[in-house]
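Analysis of the macromolecular model
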Amino acid sequence: MSNQKKADSGTAEGARRATEQPSESGPLLGAGRWSAKRKVSIILELLRGADLESTSRKHRVTITTLSQWRDRFLANGEMGLKSREIETEDEEKRRLKSVVASISVENELLREKIARLEDGRPLAAWRSRL
């Protein structure tokens, strides 16, 4: 009968692992949402040379999820390194907006001048030359 009990507890433990339910010994480490700090620490662990498969097992996160975290981390890190390029683009945008604003002001002033010159009457009518 003790053999039967051992087999049953092993089956239950295997079922718990398969469904990723916490065992009596403690909560599942990889369950729930991951904070940004936890993700960064795991990604840095990978970038320092840790094996992807063993890190996946250690933290109970799929290899695909770890790969996605790493790729997003590296892409955003690359954007951080491009800050000078972004600043240059922003400078160019600011310069162009300034040019558009000055042209708009000039156009408005010209419209006012035309209105004063016309003084309520349109400019000379155009005649076609035959």
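For the structure itself, consult the block above.
Residues numbered from 1 in each chain as written. Predicted model: local features only at pLDDT ≥ 70, side-chain atom pairs only at ≥ 80, totals over all residues. Heavy atoms only, no water.

**Focus: the overall build of the protein**
Looking only at helices and strands, the protein has five helices and zero strands in total. Secondary structure elements of the protein, listed N to C terminal, follow the sequence α-α-α-α-α. Taken over 130 residues, the protein has a buried fraction of 11%. Accessible surface computed for the protein: about 11,500 Å², of which carbon and sulfur atoms make up 56%. (Helix = DSSP H or I, 4+ residues; strand = E, 2+ residues; numbered from the N terminus. Buried < 20%, exposed > 50% of the residue type's maximum accessible area, 1.4 Å probe, protein only. Areas by Shrake-Rupley, 256 points an atom, 1.4 Å probe, with all protein chains shown as cover.)

**Details of the nonpolar core**
Among the nonpolar cores identified, the biggest contains seven residues, and these are Trp 34, Ile 42, Ile 43, Leu 46, Val 61, Leu 66 and Trp 69. At the level of elements, α2 (36-47) and α4 (63-81) are the ones that each hand at least two residues to this core. The leading source of residues in this core is α2, at three residues. (Core = buried A, V, L, I, M, F, W, Y, C linked by side-chain atoms within 4.5 Å.)

**Some thoughts on the packing of aromatic side chains**
If you walk through the whole model with that rule in mind, you get one aromatic pair. The interplanar angle of 65° and the centroid separation of 5.5 Å between the aromatic rings of Trp 34 and Trp 69 together place this pair among those described as edge-to-face. With Trp 34 in the loop between α1 (2-19) and α2 and Trp 69 in helix α4, the pair connects residues that are 35 residues apart, well separated along the chain. Just as Trp 34 is buried, Trp 69 falls in that class too. (Phe/Tyr/Trp six-rings, centres within 6.5 Å; stacked < 30°, edge-to-face > 60°.)

**Side note on the pattern of salt bridges**
According to the stated counting rule, one finds five salt bridges in the structure shown. Put simply, Arg 70 and Asp 71 hold a salt bridge, and the shortest N to O gap is 3.9 Å. Here Arg 70 falls in the partly exposed class, since its relative accessible area comes to 25%. (Salt bridge = Lys/Arg side-chain N within 4 Å of Asp/Glu carboxyl O.)

**Some thoughts on helix α3 (residues 52-59)**
Residues that lie three or four places apart on an α-helix share one face, since the helix turns once every 3.6 residues. Residues of α3 that are buried: Thr 55, Ser 56 and His 59. Along α3, the residues classed as buried sweep out an arc of 105° about the axis, all on the same side. Exposed and oriented more than 90 degrees from the buried face of α3 are Arg 57 and Lys 58. Just downstream of α3, Arg 60 is the residue with a positive phi angle, here 55°. (Arc of directions from axis to C-beta.)

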